[in-house]
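What follows is each chain in one-letter form.
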Amino acid sequence: MSYLFEIISITVSLVAALVLIPFIIKISNKYQILDYPGEHKRHKKPVPLLGGVVLFISVWISIFVSQFIFSDMFSGLAEIILFVFLGSLIILLVGLSDDLKPLSAWIKLTAQIAAALLLYLGGVEVEYLTTPFGSVELGSYSVFITIIWVVILTNAINLIDGLDGLAAGVSLIGAVTMLIIGQLYQIGAILIFLLALIGFLLVFLYYNKYPAKIFLGDSGSMQIGFYFAVFSLDRRASCRERV
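Treat the numbers as computed from the prediction; the structure is a model and nothing was measured.

Looking at this structure, I do not really get the nonpolar core. What am I missing?
Core analysis: the largest hydrophobic core is formed by 73 residues, its most contacted members being Ile21, Trp60, Phe193 and Phe226. Breaking this core down by element, the ones donating at least two residues are helix H1 (3-30), helix H2 (51-69), helix H3 (78-100), helix H4 (105-121), helix H5 (142-159), helix H6 (166-184), helix H7 (192-208) and helix H8 (217-233). The greatest single-element share of this core, amounting to 12 residues, is contributed by H7. Residues within four places of Ile21 in sequence aside, it is in contact with Val54, Val203, Phe204, Tyr207 and Ile214.

And the structure:
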């Protein structure tokens, strides 16, 4: 894999986050889109909540720019890009809605299932389960296992997003670790989701460290989990494919 691909992918996301985060903080303060202190909250002052919006824009600018520059590398990935984009858009919108006005758990679960179904329709799915006795092909059960896996990962980061810098820090460590493993197995352009995420998180952590100047919100934490699900499910991440 070209190191230029990695450098550009991370840099585009990083620069986008550098530009957008201060702007979004001002917008959030101006229009009072804030997370206010409460009985079970640690922060003492209202904190902007639109980190997920910056995440979405930064990641997808990086993906589209990289796809334009390195179009040959995306030949095997282009078929799933639209499905992942639409799925992440659903996660962003339901998370943002929940940040602005709390939604019922059933509404959020329905949206997450819809996003998981989009991935399945795009060919991003759990095809096999590996056991000590060999691999089991899931067949028609694949859609159910895929939905369960996507929902679990989508909510995983959200569940640890309780302290300044915790979710972003854990996510950065996870993304870098998976990137290193992906490089060792030379899995190709699917790494773009990790590269774009790393670029954003490197900047976001500066603003999210204690005392946080901006939060991920549900729209951000669920998105990160969703991108991890995409990377873990795509078949390109389970083979030694040279690009």
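After that view, the rundown keeps rolling.
Where do I start with the environment of Ser97 in this structure?
Tracing the chain through its elements places Ser97 in helix H3. Judged by its relative accessible area of 34%, Ser97 is partly exposed. Sequence separation of Ser97 and Val124 is 27 residues, and the distance between their C-alpha atoms is 26 Å.

What's the story with the packing of H2 against H7 in this structure? I'm lost.
Two measures define how a pair of helices packs: the angle their axes make with one another and the distance between the axes. Close contact between H2 and H7 brings their axes to 9 Å; oriented N to C, the two are set at 135 degrees. With respect to H7, the element H2 is oriented oblique. Crossing geometry of H2 relative to H7 is assigned as right-handed. Along its contact with H2, which presents Gly51, Val54, Leu55, Ser58, Val59, Trp60, Ser62, Ile63 and Ser66, the element H7 presents Ile192, Phe193, Ala196, Leu197, Phe200 and Phe204. Partitioning the contact of H2 with H7 into residue classes produces 11 nonpolar, 4 polar and no charged.

Please explain the packing of aromatic side chains as it appears in this structure.
The relative placement of two aromatic rings is captured by the distance of their centres and the angle of their planes. This structure, assessed with the given rule, holds 11 aromatic pairs. When the ring of Phe56 is compared with that of Phe85, the centres are 5.6 Å apart and the planes differ by 45 degrees; the resulting orientation is tilted. Remark: Phe85 occurs in helix H3 and Phe56 occurs in helix H2; sequence separation between them is 29 residues. You can call Phe56 buried: its relative accessible area is 10%. Here the aromatic rings of Trp60 and Phe193 are separated by 6.3 Å at their centres, their planes lie at 75 degrees, and the arrangement is edge-to-face. Of the two residues, Trp60 sits in helix H2 while Phe193 sits in helix H7, which places them 133 residues apart along the sequence. The two residues Trp60 and Phe193 agree in class, both being buried. An aromatic cluster is present here, built from Phe56, Trp60, Phe64, Phe85, Phe193, Phe226 and Tyr227 joined pairwise through their rings. Directly above the aromatic system of Tyr206 lies the positively charged group of Lys213, at a separation of 5.8 Å from the ring centroid.

Cut-off values and rules
Residues numbered from 1 in each chain as written. Predicted model: local features only at pLDDT ≥ 70, side-chain atom pairs only at ≥ 80, totals over all residues. Heavy atoms only, no water. Core = buried A, V, L, I, M, F, W, Y, C linked by side-chain atoms within 4.5 Å. Buried < 20%, exposed > 50% of the residue type's maximum accessible area, 1.4 Å probe, protein only. Helix = DSSP H or I, 4+ residues; strand = E, 2+ residues; numbered from the N terminus. Contact = heavy atoms within 4.5 Å. Axes fitted to C-alpha atoms, helices over the stretch in contact; angles between N-to-C directions. Parallel < 35°, antiparallel > 145°, perpendicular 65-115°, else oblique. Left-handed = near helix turned anticlockwise from the far one by under 90°. Nonpolar A, V, L, I, M, F, W, Y, C, P; charged D, E, K, R; others polar. Phe/Tyr/Trp six-rings, centres within 6.5 Å; stacked < 30°, edge-to-face > 60°. Lys NZ or Arg CZ within 6 Å of the ring centre and 35° of its normal.

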